[in-house]
Amino acid sequence: GSNCGQIANQVAVHLTEEGVGTLFCLAGIGAHVPGVIESARSAKRIVAIDGCSVACAKKTIEHTGLNVTDYIDITKEGIAKNKDFKLSQQDILFVVKRIKQELKKD
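All values reported here derive from a predicted model rather than from experimental measurement.

**Observations concerning the overall build of the protein**
Part 1: Broken down by element type, the protein carries five helices and two strands.
Part 2: Secondary structure elements of the protein occur, N-terminal to C-terminal, as α-α-α-β-α-β-α.
Part 3: Whereas a compact globule of 106 residues would reach a radius of gyration of roughly 13 Å, the protein reaches 13 Å, a difference of no more than 12%.
Part 4: Each principal axis of the C-alpha distribution contributes one length, and for the protein these read about 35 × 30 × 20 Å.
Part 5: Buried positions account for 32% of the 106 residues belonging to the protein.
Part 6: Partitioning the intrachain contacts of the protein with sequence separation of at least 6 by distance along the chain shows that 60% fall at a separation of at least 24.
Part 7: Of the accessible surface of the protein, which amounts to about 6400 Å², a share of 53% is contributed by carbon and sulfur atoms.

**With respect to the nonpolar core**
General note: in soluble globular proteins, nonpolar side chains tend to be found buried as a group.
Part 1: Formed by 14 residues in total, the largest nonpolar core has its most connected members in I7, V11, I49, I74, V95 and I99.
Part 2: Among the secondary structure elements, those contributing two or more residues to this core are helix 1 (3-17) and helix 5 (89-104).
Part 3: Element by element, the count of residues in this core is highest for helix 1, at six residues.
Part 4: Apart from residues lying up to four places away in sequence, I49 is in contact with A8, V11, A12, L15, A57, I72, I74 and I99.
Part 5: Of all hydrophobic cores here, the second largest spans eight residues; its members include I37, A40, I61 and V68.

**Describing the packing of aromatic side chains**
Two measures describe an aromatic ring pair: the distance that separates the ring centres and the angle between the ring planes.
Part 1: Counted according to the given criterion, the structure contains zero aromatic pairs.
Part 2: Over the aromatic face of Y71 sits the side chain of K58, whose NZ or CZ is 4.9 Å from the ring centroid.

**With respect to the environment of K76**
Part 1: Along the chain, K76 turns up in the loop between strand 2 (70-73) and helix 5.
Part 2: Given a relative accessible area of 66%, K76 falls into the exposed group.
Part 3: Each C-alpha atom of the pair K76 and G51 lies 9.1 Å from the other, and the pair is 25 residues apart in sequence.

**Considerations on the packing of helix 1 against helix 5**
Part 1: In the contact formed by helix 1 and helix 5, the axes pass within 9 Å of each other and the chain directions differ by 60°. On the basis of their axis angle, the class for helix 1 and helix 5 is oblique. Viewed along their axes, helix 1 and helix 5 form a crossing whose handedness is right-handed. Here helix 1 contributes I7, Q10, V11, H14 and L15 to the contact with helix 5, which in turn contributes D91, I92, L93, V95, V96, I99 and K100.
Part 2: By residue class, the composition of the contact of helix 1 with helix 5 is eight nonpolar, two polar and two charged.

Conventions adopted
- Residues numbered from 1 in each chain as written.
- Predicted model: local features only at pLDDT ≥ 70, side-chain atom pairs only at ≥ 80, totals over all residues.
- Heavy atoms only, no water.
- Helix = DSSP H or I, 4+ residues; strand = E, 2+ residues; numbered from the N terminus.
- Rg over C-alpha atoms; globule rule 2.2 N^0.38 Å.
- Buried < 20%, exposed > 50% of the residue type's maximum accessible area, 1.4 Å probe, protein only.
- Contact = heavy atoms within 4.5 Å.
- Areas by Shrake-Rupley, 256 points an atom, 1.4 Å probe, with all protein chains shown as cover.
- Core = buried A, V, L, I, M, F, W, Y, C linked by side-chain atoms within 4.5 Å.
- Phe/Tyr/Trp six-rings, centres within 6.5 Å; stacked < 30°, edge-to-face > 60°.
- Lys NZ or Arg CZ within 6 Å of the ring centre and 35° of its normal.
- Axes fitted to C-alpha atoms, helices over the stretch in contact; angles between N-to-C directions.
- Parallel < 35°, antiparallel > 145°, perpendicular 65-115°, else oblique.
- Left-handed = near helix turned anticlockwise from the far one by under 90°.
- Nonpolar A, V, L, I, M, F, W, Y, C, P; charged D, E, K, R; others polar.

In structure tokens, the structure reads:
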């Protein structure tokens, strides 16, 4: 329900479109849908992208027994959380770049 949550989604879409990863349905994971969980379980790495430090994405993934291998909290990257849904493409691309940097570390 915030700009940062929507940025997290757009970042995941962007990375998927670039072939950097695959976007999984967080609602399906949270609902314990077997096919969604098994698909996510087959991933080499699981990146949780949270809009803020409440960490809903990370907690949802971990609740199902999946292991989050990489994590980013968008507000800790300096993007202020608000209710303005006119998303900044610059913010989205900044977070995409940060995640790519983190993925190269291993």
